[in-house]
Amino acid sequence: LNPVTVLALSTWTFSRWTMIAHHTCHSGYNDQDPERFNSRIFAVGSPVRRVRDWFDWMLPEAWNVEHNNLHHYRLGEVEDPDLVERNLNDLRSWDLPPLVKRSLVAAIAGIWKWFYYAPNTFKQLKYAEAKKDKRTPPEGDQHAALTLPALFMDEPTGVNAAEFFAKVMMPYLIGHFLLLP
């Protein structure tokens, strides 16, 4: 295992998301290269576009709904899916020493994309699709944070775990951990 390669791939993946995908999805590059870096077509519409433009743990369509629509338009409000005060409420209520709580936050910071962000963005996509199609919204609390372990619990989450793994997690796992190495 070469740590330089791991660091380089990690930096590329992070930069691809923060500097290219984030700004493209916010229409920041629409006038630069409208055929490729346009917010309406970037990474959406087909698996080929997803892999070519932005192949990450999150489904780009789901991130567009969760981040661009819900997070930015409801910043700091109860409807903000990334409201840290609500999403870490359980951790704050646990009877643990502060050092243990901080250590848990540090650990989650290293895995949050696949542990929290991938399932939560997909959940918000499912709610948005139901609303757009005038269907009954999925069961569960739309504003509650959805983490990977919660997909396997008995409580309704609004997400079909098999669909989530097939559309979101498996392509990334296969691409980055089977085909790429």
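Residues numbered from 1 in each chain as written. Predicted model: local features only at pLDDT ≥ 70, side-chain atom pairs only at ≥ 80, totals over all residues. Heavy atoms only, no water.

A closer look at the overall build of the protein chain
Along the backbone of the protein chain there are seven helices and zero strands. Walking the protein chain from its N terminus toward its C terminus, one meets helices and strands in the order α-α-α-α-α-α-α. Taken against the 2.2 N^0.38 rule, which gives 16 Å for 181 residues, the C-alpha radius of gyration of the protein chain at 17 Å falls within 12% of a compact globule. Seen along its three principal axes, the alpha-carbon backbone of the protein chain occupies a region of about 50 × 50 × 30 Å. Here the analysis covers contacts within the protein chain between residues at least 6 apart in sequence; of these, 51% occur between residues at least 24 apart. (Helix = DSSP H or I, 4+ residues; strand = E, 2+ residues; numbered from the N terminus. Rg over C-alpha atoms; globule rule 2.2 N^0.38 Å. Contact = heavy atoms within 4.5 Å.)

Regarding the side chain of Lys-113
Its place among the elements puts Lys-113 in helix H6 (residues 98–132). When its relative accessible area of 12% is taken as the criterion, Lys-113 is described as buried. In this structure the side chain of Lys-113 is engaged in a polar contact, spanning 2.7 Å, whose partner is the side chain of Asp-56. For Lys-113, the residues in contact, after removing those within four places along its chain, are Thr-13, Trp-17, Asp-56, Trp-57, Met-58 and Ala-118. (Buried < 20%, exposed > 50% of the residue type's maximum accessible area, 1.4 Å probe, protein only. Polar contact = N/O pair within 3.5 Å; in protein donor to acceptor, adjacent residues only side chain to side chain.)

Regarding the packing of aromatic side chains
Following the criterion strictly, the structure yields 16 aromatic pairs and no others. Look at Trp-57 and Trp-114: their rings are 6.4 Å apart centre to centre, the planes differ by 50°, and that puts the pair in the tilted class. Separated by 57 residues along the polypeptide, Trp-57 in the loop between helix H2 (47–53) and helix H3 (60–73) and Trp-114 in helix H6 bring together distant segments of the chain. Residue class for Trp-57 comes out buried when judged on its relative accessible area of 11%. (Phe/Tyr/Trp six-rings, centres within 6.5 Å; stacked < 30°, edge-to-face > 60°.)

Brief notes about the nonpolar core
Core analysis: the biggest nonpolar cluster contains 18 residues, and Phe-122 and Phe-164 have the highest contact counts within it. Mapped by element, the contributors of at least two residues to this core are H3, H6 and helix H7 (161–179). Considering every element that reaches this core, the biggest residue donor is H7, with four residues. Among all residues touching Phe-164, those that are not within four sequence positions of it are Ala-118, Pro-119, Phe-122, Leu-148, Leu-151, Val-159 and Met-169. Counting residues in hydrophobic clusters, the runner-up holds 11 residues, among them Cys-25, Ala-43, Trp-54 and Tyr-116. (Core = buried A, V, L, I, M, F, W, Y, C linked by side-chain atoms within 4.5 Å.)

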